[in-house]
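# Examination of the molecular architecture
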Amino acid sequence: MSVSIVAVQPIVALVAGILILVMPRLLNYIVAVYLIFIGVMGLIGNGTINL
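Residues numbered from 1 in each chain as written. Predicted model: local features only at pLDDT ≥ 70, side-chain atom pairs only at ≥ 80, totals over all residues. Heavy atoms only, no water.

### With respect to the overall build of the protein chain
A count of helices and strands for the protein chain gives two helices and zero strands. Counting the 51 residues in the protein chain, one finds 4% classified as buried. A total accessible area of about 4300 Å² is found for the protein chain, and carbon and sulfur atoms account for 75% of it. (Helix = DSSP H or I, 4+ residues; strand = E, 2+ residues; numbered from the N terminus. Buried < 20%, exposed > 50% of the residue type's maximum accessible area, 1.4 Å probe, protein only. Areas by Shrake-Rupley, 256 points an atom, 1.4 Å probe, with all protein chains shown as cover.)

### Quick word on the environment of Y29
Secondary-structure assignment places Y29 in helix α2 (residues 27-46). On the accessibility criterion, Y29 (61% relative accessible area) is exposed. Linking Y29 and A16, residues 13 residues apart in sequence, is a C-alpha distance of 9.9 Å.

### A short note on a nonpolar patch on the surface
Side chains of I11, L14, V15, I18, L19, L21, V22 and M23 sit close together on the surface and give an oily, nonpolar patch of about 800 Å² of accessible area. By secondary structure assignment, the location of I18 is in helix α1 (residues 5-22). Here I18 falls in the partly exposed class, since its relative accessible area comes to 46%. (Patch = residues over 30% accessible without salt bridge, like charges linked within 9 Å, V, L, I, M, F, W, Y side chains within 5 Å. Salt bridge = Lys/Arg side-chain N within 4 Å of Asp/Glu carboxyl O.)

### Remarks on the environment of V12
As for its placement among the helices and strands, V12 is situated in helix α1. Distance from V12 to I30, taken between C-alpha atoms, is 9.8 Å for residues 18 residues apart in sequence.

What follows is the structure, given as structure tokens:
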């Protein structure tokens, strides 16, 4: 069973939103990790990087 990035994004956004509400100082780290994750998944999903 494979999970596409489209199915993961809402879950990640929900968790990030809850963490930001609980600890607002985490906003910078959450956004950075989210962007890095989405970027890496996009590159791997398009087949431009062979890992």
